[in-house]
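An overview of the molecular structure
These are the residues of each chain, in order.
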Amino acid sequence: MAIRNVVQVGDDVLRQKCFPVEEFDDKLRALLDDMKDTVKKEEGAGLAAPQVGVLRRVVVVDVEEGYFEFINPVILLQKGEQSGWEGCLSVRGKSGIVSRPMKVTLSYQDRNGEKHILKAKGFFARAICHELDHLDGILYIDKATHIEKA
Ligand code: CO
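For clarity, every value in this text was computed on a predicted model and none was experimentally measured.

1. Focus: helix α2 (residues 122–134)
- Compared with the 18 Å implied by 1.5 Å per residue over 13 residues, the 19 Å span of α2 between its first and last C-alpha is a close match.
- Among the 13 residues of α2, twelve are classified as buried, and the element is accordingly described as predominantly covered.
- Of all the positions in α2, only Gly122, Phe124, Ala125, Arg126, Ala127, Ile128, Cys129, His130, Glu131, Leu132, Asp133 and His134 are classed as buried.

Structural data, given as structure tokens:
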């Protein structure tokens, strides 16, 4: 387990579309363990693999509801709307107002490749949407209606 360096905005790796995970192997487990160490140390609400330079569809989310690992996540359904502040470990010193769905239904695989469905709302749904955007090279600053120095 180790803390990985978080890539900052301006680096092209944050603008790539990530590839699906096909091998649920030791390399994936090491990535997930390192992402956990990194997001805990940085006190983020989540982290996506491209933020540590890995172009795979892997995110972790750390919120009130718990700590989650989502591999090959897909939003199946979204409902409602919420507007609120977001920050990003790859955009230091800023926060912005972003509109997101109020509720999402997510399909994903865990580190063993098992498939799951999860429902999330409020800030949990926001964190999921933010992290999933990273997998398609999208940053919250692309969507924010207002950005301030944090
Ligand atoms: Co982010």
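2. Remarks on the packing of aromatic side chains
- In this structure the tally under the stated criterion is three aromatic pairs.
- With centroids separated by 4.6 Å and ring planes inclined at 70°, the aromatic side chains of phenylalanine 70 and tyrosine 108 adopt a geometry described as edge-to-face. Of the two residues, phenylalanine 70 is situated in strand β3 (residues 66–79) and tyrosine 108 in strand β6 (residues 103–109); the sequence distance between them amounts to 38 residues.
- Among the aromatic side chains, those forming a connected cluster through ring pairs are Phe68, Phe70, Tyr108 and Phe124.
- Positioned above the aromatic ring of tyrosine 67, the side-chain terminus of lysine 36 is 4.9 Å from the ring centre.

3. Describing a nonpolar patch on the surface
- A cluster of nonpolar side chains, contributed by Val74, Leu76, Leu77 and Ile117, occupies part of the molecular surface with about 390 Å² of accessible area.
- Locating valine 74 in the fold gives a position in strand β3.

4. Here's the deal with the sheet that holds strand β5 (residues 91–100)
- Strand order in the open sheet made by the three strands is β4-β5-β8, with antiparallel pairing throughout. Lying at the two open borders of the sheet, with one neighbouring strand each, are β4 (82–88) and β8 (146–149). Geometrically, the sheet is characterised by an average inter-axis angle of 25° between neighbouring strands, direction not taken into account.
- Packed on one face of the sheet, α2 meets β4 and β5 and runs near 55° to β4.

5. Describing helix α1 (residues 26–42)
- For α1, built from 17 residues, the straight-helix expectation of 24 Å at 1.5 Å per residue is met to within 8% by its first-to-last C-alpha distance of 24 Å.
- Looking at the residues trailing α1, positive phi occurs at glutamate 43, about 55°.

The rules we used
- Just so you know, the residues in each chain are numbered from 1, in the order the chain's sequence is written.
- Totals for whole chains, interfaces and linings use all residues, but because this is a predicted model, local features are given only for residues with pLDDT of at least 70 and pairs of side-chain atoms are given and counted only at 80 or more.
- Side-chain numbers here rest on the full set of heavy atoms in the structure, without hydrogens or water.
- What counts as a helix is a DSSP run of H or I of at least four residues, what counts as a strand is a run of E of at least two, and both are numbered from the N terminus.
- Expected span of a helix, by definition, is 1.5 Å for each gap between consecutive residues, and there is one gap fewer than residues.
- For the exposure calls, accessible area comes from a 1.4 Å probe over protein chains only, and a residue counts as buried if that area is under 20% of its type's maximum, exposed if over 50%, partly exposed in between.
- Two aromatic rings, drawn from Phe, Tyr or Trp (for Trp, its six-membered ring), form a pair once their centres lie within 6.5 Å of each other, and the interplanar angle then sorts them: stacked below 30 degrees, edge-to-face above 60, tilted otherwise.
- Two conditions define a charge located above a ring, namely a distance within 6 Å from the ring centre to NZ of Lys or CZ of Arg, and an angle within 35 degrees of the ring normal.
- What makes a patch is a set of residues exposed beyond 30% relative accessible area and free of salt bridges, joined within 9 Å when like-charged and within 5 Å when nonpolar (Val, Leu, Ile, Met, Phe, Trp, Tyr).
- Using a 1.4 Å probe, the Shrake-Rupley method yields the accessible areas, and only the shown protein chains count as cover for residues.
- Salt bridge criterion: a side-chain nitrogen from Lys or Arg within 4 Å of a carboxyl oxygen from Asp or Glu.
- Being paired, for any two strands, means DSSP has found at least two bridges between them.
- Working convention: axes come from line fits to C-alpha atoms, limited for helices to the stretch in contact. Angles between N-to-C directions cover 0 to 180 degrees.
- We call two residues in contact when some of their heavy atoms are within 4.5 Å.

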